[in-house]
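Each chain is listed here by its residues.
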Amino acid sequence: MNPADAVGAPPAGGPVAAAPPVAAALPTGGTLPTGGVGRPLIGAGVIVPAPGGLVLLGRRITAGEPPTWSLPGGKVDHPGESFEQAAARELAEETGIELPAERMRVLGVLLDHLDGRPRLTAAVLAPPSAAPAEVTEPHACAGWQRFAVDALPGPMFGPSAWVLAQWLADPAPLPPGVFAYRTVQ
């Protein structure tokens, strides 16, 4: 299925056609956390589309990492928690936006080992929302903004850029060592 045909995806022929901003944001090995050797990391990146072909991004300011732009998201924390449940929980924790897990949809998963451990990231599409986003974790995020998909800021946090690439109709290639597995819908 073409991600542009998905509910909440930018309209065909609209801003989706312009992949170069995402291509420019896709890292080839930089903008990743360091010192991650150890246990596998399983998480979800949440695409929150808004009217007008906009998407929610936060200014990531995690200690020890260069500042980047990032989707809301994080680790699957609880036993029995699904990607959709983790996405809804992380979205609420990070932005104050509450959307039902039942309306979240996994577009695919990404696998990489670029920070020294296996990392599995689900690309999760949330239902469209224009709800205001609050900074609830000021140690990790300097603010939330909505951007047109053809004018995304950079640099982009690697996993967020890769998640966005699963949603776009004409995505840029992923960097070497990042593998995408789209769900069949």
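Rules behind the numbers
- Residues numbered from 1 in each chain as written.
- Predicted model: local features only at pLDDT ≥ 70, side-chain atom pairs only at ≥ 80, totals over all residues.
- Heavy atoms only, no water.
- pLDDT = per-residue confidence, 0-100.
- Contact = heavy atoms within 4.5 Å.
- Buried < 20%, exposed > 50% of the residue type's maximum accessible area, 1.4 Å probe, protein only.
- Helix = DSSP H or I, 4+ residues; strand = E, 2+ residues; numbered from the N terminus.
- Pairing = 2+ DSSP bridges.
- Axes fitted to C-alpha atoms, helices over the stretch in contact; angles between N-to-C directions.
- Salt bridge = Lys/Arg side-chain N within 4 Å of Asp/Glu carboxyl O.
- 1 Å grid on protein atoms, 1.4 Å probe; cavity = no way out; pocket = protein on both sides within 12 Å on 5 of 7 lines; lining within 4 Å.
- Points joined across faces, edges and corners; volume = space filled by probe spheres on them.
- Nonpolar A, V, L, I, M, F, W, Y, C, P; charged D, E, K, R; others polar.
- Core = buried A, V, L, I, M, F, W, Y, C linked by side-chain atoms within 4.5 Å.

Trainee: I tried to follow the confidence of the model for the protein on my own but got confused; where do I start?
Mentor: In low-pLDDT segments, the atomic positions of the prediction should not be examined closely. The predicted model of the protein has a mean per-residue pLDDT of 83, with 79% of residues at 70 or higher. Contacts from residues 1–34, a stretch scored under 50 in pLDDT, to residues over four places away or in other chains number 76 contacts.

Trainee: What am I meant to see in the pairing of strand E3 (residues 54–60) here?
Mentor: When a strand is regular, its side chains alternate between the sheet's two faces. Of all seven residues that make up E3, five are buried, and the element is covered over most of its length. Pairing geometry for strand E2 (residues 49–50) and E3, over two bridges, is antiparallel. Of the residues in E3, the one forming a bridge with Pro49 is Val55. Two successive antiparallel strands, E2 and E3, enclose a turn made up of three residues, where Gly52 displays a positive phi of approximately 85°. Across six bridges, E3 lies against strand E8 (residues 141–148) in antiparallel orientation. When the sheet's bridge partners are listed, Leu56 is paired in E8 with Arg146.

Trainee: Even after reading the chapter, I still don't get the sheet that holds strand E7 (residues 119–125), so can you show me in this structure?
Mentor: Neighbouring strands of a sheet are bound in pairs by backbone hydrogen bonds; such pairs are parallel or else antiparallel. The strand order E5-E1-E7-E6-E9 describes an open sheet built from five strands, whose pairing is mixed. If you trace the sheet from one side to the other, it starts and ends with strand E5 (73–75) and strand E9 (178–182), each paired once. Taking the axes of each pair of neighbouring strands and ignoring which way they run, one obtains an average angle of 20° across the sheet. Bridge analysis of strand E1 (residues 41–47) against E7 gives seven bridges, and the strand direction is parallel. Bridging from a neighbouring strand, Ala44 pairs with Ala122 of E7. Packing against the sheet, helix H2 (residues 83–95) makes contact with E1, E5, strand E6 (105–112) and E7, and its axis sits at approximately 120° to E5. The sheet contacts of helix H3 (residues 158–167) involve E1, E6, E7 and E9, and relative to E7 the element is tilted by about 45°.

Trainee: Sorry if this is basic, but what is going on with unusual backbone geometry here?
Mentor: Note on backbone geometry: most residues besides glycine have negative phi, and most peptide bonds are trans. Gly154 connects to Pro155 through a cis peptide bond whose omega is -5°. Position of Pro155 relative to the elements: it lies in the loop between E8 and H3.

Trainee: Just to check I follow, could you spell out the pattern of salt bridges for this structure?
Mentor: If the charged atoms of two oppositely charged side chains come close together, the side chains can form a pair. One pass over the structure, following the stated rule, counts eight salt bridges. Close ionic contact of Arg89 with Glu90 constitutes a salt bridge, the shortest N to O distance being 3.2 Å. When its relative accessible area of 8% is taken as the criterion, Glu90 is described as buried. Residues joined in a network through salt bridges with shared partners are Asp77, Glu81, Arg89, Glu90 and Glu93.

Trainee: Before we go on, may I ask you to explain the layout of surface pockets in this structure?
Mentor: Once rolled over the atoms, a probe with the size of a water molecule shows which space is left empty. Here the largest pocket defines a volume of roughly 800 Å³. Taken together, 37 residues make up the lining of the largest pocket; nearest its centre are Arg60, Gly73, Gly74, Glu94 and Phe157. Of all the secondary structure elements, the ones that give two or more residues to the lining of the largest pocket are E1, E3, E5, H2, E7, E8 and H3. Looking at the lining of the largest pocket, the element that brings in the most residues is E1, giving four residues. Class assignment of the residues belonging to the lining of the largest pocket gives a composition of 13 nonpolar, 13 polar and eleven charged. Its volume calculated, the second largest pocket comes out at about 190 Å³. Surrounding the second largest pocket, Arg39, Pro40, Leu41, Ile42, Lys75, Val76, Asp77 and Arg117 form its lining.

Trainee: Would you take a moment to explain the nonpolar core for this structure?
Mentor: In summary, soluble globular proteins display a tendency toward joint burial of nonpolar side chains. Judged by nonpolar contacts, the single largest core of 20 residues is most densely connected at Ile47, Val55, Leu57, Leu164 and Trp167. For this core, the secondary-structure elements that each account for two or more residues are E3, E6, E7 and H3. Counting residues per element, this core draws most heavily on H3, which supplies five residues. Beyond its immediate chain neighbours, meaning those up to four positions away, Leu57 contacts Trp69, Ser70, Leu71, Gly143, Trp144, Gln145, Phe147, Leu152, Pro153, Met156 and Leu164.

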